[in-house]
Amino acid sequence: MPEQPGIDAYAAYLPAYVLADNRLDATTPPRPGGPARGVAAFDEDTVTMAVEALRHVAAATPPGRQLLFATTNAPYEAKTSAGVAHEALGLDPATAAVDLRGHRSGATALDLVVRAGATAALADLRTTRPGAPDELAQGDAAVGLVGGGPAAAALLARAGRTAEVLERWRLPGERHDRVWDERFTAEVLAAAGLDAARHALAEAALDAVDTVVVSSSNPRAAAALRRALRGDGRDATTERATGFTGAAHPGLLLAAALDEARPGQTILLLSATEGADAFVFRVGDGVRAARGGPSVRDQLAARQPLGYGRYLRWRGLLDVQGPARPAAPAPASPPMRRRAGWKYRLEGSRCDACGAVTTPPGRACAACGIAATPDATGKVSLRERTARVVSVTRDHLTTMPEPEVAVVVADVDGGGRLSAYATDVAPADVTVGMAMTPTFRRLWTTDAIHNYFWKLRPTPQDAPPGKDTTDGQ
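Worth saying up front: this structure is predicted, and the values here are computed from it rather than measured. (Residues numbered from 1 in each chain as written. Predicted model: local features only at pLDDT ≥ 70, side-chain atom pairs only at ≥ 80, totals over all residues. Heavy atoms only, no water.)

Re the packing of helix H6 (residues 234-242) against helix H7 (residues 249-260)
In step 1: Their axes nearest at 10 Å, the elements H6 and H7 cross at an angle of 125°. Judged by the angle between their axes, H6 and H7 are oblique. Judged by the twist between their axes, the crossing of H6 over H7 is right-handed. Between H6 and H7, the residues in contact are Arg-234, Asp-235, Thr-238, Glu-239 and Thr-242 and His-249, Leu-252, Leu-253, Ala-256 and Glu-260, respectively. (Axes fitted to C-alpha atoms, helices over the stretch in contact; angles between N-to-C directions. Helix = DSSP H or I, 4+ residues; strand = E, 2+ residues; numbered from the N terminus. Parallel < 35°, antiparallel > 145°, perpendicular 65-115°, else oblique. Left-handed = near helix turned anticlockwise from the far one by under 90°. Contact = heavy atoms within 4.5 Å.)

A few points about the confidence of the model for the protein chain
In step 1: Taken over all residues, the pLDDT of the protein chain has a mean of 92, while the share at 70 or more is 96%.
In step 2: Of the regions scoring below 50 in pLDDT, residues 467-473 engages in 20 contacts with residues more than four places distant in sequence or in other chains. (pLDDT = per-residue confidence, 0-100.)

Quick look at the domain arrangement of the protein chain
In step 1: When the domains of the protein chain are assigned, the result is domain 1 (6-27 + 34-315) and domain 2 (342-458).
In step 2: Taking only C-alpha atoms, the centre of domain 1 and the centre of domain 2 are 31 Å apart.
In step 3: Here domain 1 meets domain 2 over a buried area of about 2,000 Å², counting both sides, of which 46% is carbon and sulfur.
In step 4: For the domain 1 face of the interface with domain 2, the top three residues by lost area are Phe-42, Asp-43 and Arg-55, together amounting to 29%.
In step 5: Counting across the interface, domain 1 meets domain 2 through 9 salt bridges. (Domains from an automatic or database assignment. Buried area = accessible area lost by both parts, 1.4 Å probe. Salt bridge = Lys/Arg side-chain N within 4 Å of Asp/Glu carboxyl O.)

Points about unusual backbone geometry
In step 1: In this model, Thr-359 is joined to Pro-360 through a cis peptide bond whose omega is -15°.
In step 2: Among the secondary structure elements, Pro-360 is positioned in the loop between strand E16 (357-358) and strand E17 (379-381).
In step 3: Not every positive phi belongs to a glycine, and Arg-230 is a case in point at roughly 60°.
In step 4: Within the secondary structure, Arg-230 is located in the loop between helix H5 (219-228) and H6.

A word on H7
In step 1: Spanning 12 residues, H7 covers 17 Å between terminal C-alpha atoms, matching the ideal 16 Å at 1.5 Å per step.
In step 2: Counting buried positions over the 12 residues of H7 gives 11, a clear majority of the element. (Expected span 1.5 Å × (residues − 1). Buried < 20%, exposed > 50% of the residue type's maximum accessible area, 1.4 Å probe, protein only.)

A look at the sheet that holds strand E15 (residues 347-350)
In step 1: Read across the open sheet, the 3 strands follow the order E16-E15-E17; overall the sheet is antiparallel. The open sheet has two edge strands with one neighbour each: E16 and E17. (Pairing = 2+ DSSP bridges.)

Some thoughts on the packing of helix H4 (residues 182-203) against H5
In step 1: The contact between H4 and H5 brings their axes to 8 Å, and the two run at 35°. Crossing of H4 over H5 shows right-handed handedness. Where H4 abuts H5, its residues Glu-182, Arg-183, Ala-186, Leu-189, Ala-190, Gly-193 and Leu-194 lie against Pro-219, Arg-220, Ala-221, Leu-225 and Ala-228.
In step 2: Split into classes, the residues belonging to the contact of H4 with H5 amount to 8 nonpolar, 1 polar and 3 charged. (Nonpolar A, V, L, I, M, F, W, Y, C, P; charged D, E, K, R; others polar.)

A closer look at the pattern of salt bridges
In step 1: Counting across every chain of the model gives 38 salt bridges.
In step 2: Taking the shortest distance from any N to any O, the salt bridge between Asp-111 and Arg-115 comes out at 2.8 Å. Placement of the pair is Asp-111 and Arg-115 together in helix H3 (residues 105-116), with a separation of 4 residues, close to one helical turn.
In step 3: Taking the relative accessible area as the measure of exposure, Asp-111 reaches 10% and is therefore buried.
In step 4: Its relative accessible area of 40% is what places Arg-115 among the partly exposed residues.
In step 5: The partner of Glu-402 in a salt bridge is Arg-310, with the nearest N and O atoms 2.6 Å apart.

Some points on empty space enclosed by the protein
In step 1: Applying the stated criterion across every chain, the model contains 3 cavities of 30 Å³ or more.
In step 2: Computed from the structure, the largest cavity encloses a volume of approximately 160 Å³.
In step 3: Around the largest cavity sit 19 residues that line it, and Phe-42, Glu-402, Ala-422, Thr-423 and Val-425 are the ones nearest its centre.
In step 4: Counting residues per element, the ones that place at least two in the lining of the largest cavity are helix H10 (308-314) and strand E19 (405-412).
In step 5: Across the lining of the largest cavity, the residue classes tally to 13 nonpolar, 1 polar and 5 charged.
In step 6: Each of domain 1 (6-27 + 34-315) and domain 2 (342-458) accounts for three or more of the residues forming the lining of the largest cavity.
In step 7: Of the voids in this model, the second largest cavity is the one considered here, and its volume is about 80 Å³.
In step 8: In terms of lining residues, the second largest cavity is bounded by Thr-72, Asn-73, Leu-125, Arg-126, Thr-127, Thr-128, Gln-138, Arg-168, Arg-170, Arg-175 and Asp-177.
In step 9: Along the lines of polarity and charge, the residues of the lining of the second largest cavity split into 1 nonpolar, 5 polar and 5 charged. (1 Å grid on protein atoms, 1.4 Å probe; cavity = no way out; pocket = protein on both sides within 12 Å on 5 of 7 lines; lining within 4 Å. Points joined across faces, edges and corners; volume = space filled by probe spheres on them.)

Structure follows, in structure tokens:
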């Protein structure tokens, strides 16, 4: 239990793509200012997005704390998905990895962060049936939160209300949520939300706050609560650009508010989903240094537009003929365990004799050929280093849902060489000399086994600015 409950660090992750038009036969541009949703790429899922958010803030997680993974869409049902993120982040084995499921899991994880000092990833990937009325109102995102101190925000009060209501649900094995008439469920959620907010404000001895943030799976309830609590609507503006991001949404809207807040200001965060959870925070003096990675606003501005056909192929909602090529083999459990340092943490071996870095790690140095001694411990992580492309190959027979992908060989600054797929960039835009950053992705899934490894994406300064990828290439 931390001495002063609060949030010590936070980071948001928005995927690189945005979908603003879901018309199948569009002949005119989309309506300006209409809703848009963030879209995870075909090689992303909630675990890879969680790693992207947490990689900026989770390194200082002390042994003995918990790593929580909150989502409605975990890659595995029986297997603990948080364990994959734990391994990719290189956290201490004494840090327990736990999954939380359901629409309310994001608020629950936030509660455990601020009051128990846990580290949490709130991540969700949302898919509706094509053409559903709320298709553009659902989105993908992840947020990383670290408790243990009030550097970003101190908790002043917290209140919760549980209201069992059939509002948004999905049976095991189904892909899309089913939704009850929102006019009925909005009344239930708005009543629970107002009750929780008033109790939290009373406990904090506040009549009003500087910023009101409302997250709800029901848009009618969210609008009613914003009016009742006199919010300024900035949270609604963010939501209109990202969509409702499920379990990640309260954390995402809180991160956007912290990005803009000044130390000493107060924030009421209300999550109204299957009941309500209200938190009152006072922004900490270290809020600027507490943010890991780019702000929500900067990530929104850097996104690439995505065409509807490409989105449907990525989600498996449009069945198209692929290349005449067998599926990639599934990885086996024993080598994944033996090579976890390379596969999950992207570790190379540093030679004790000449200092060169060998990738993948091996017993003999690739530079001088001297074999490592049995007690050698020279491991070096390449996850946060920049790699520069030395060659590019364009694969037109890929089994991935794209016409082609780029495979690059890149030299890592400080030593080591990587051969990896390029991602978040059109293959034609990958050039020799381009600076790229490792990113944890899902290569493919075979025999119900997800094969995770690291790809390379352009560093922000080398990313093609504002490239329109709506043509699917």
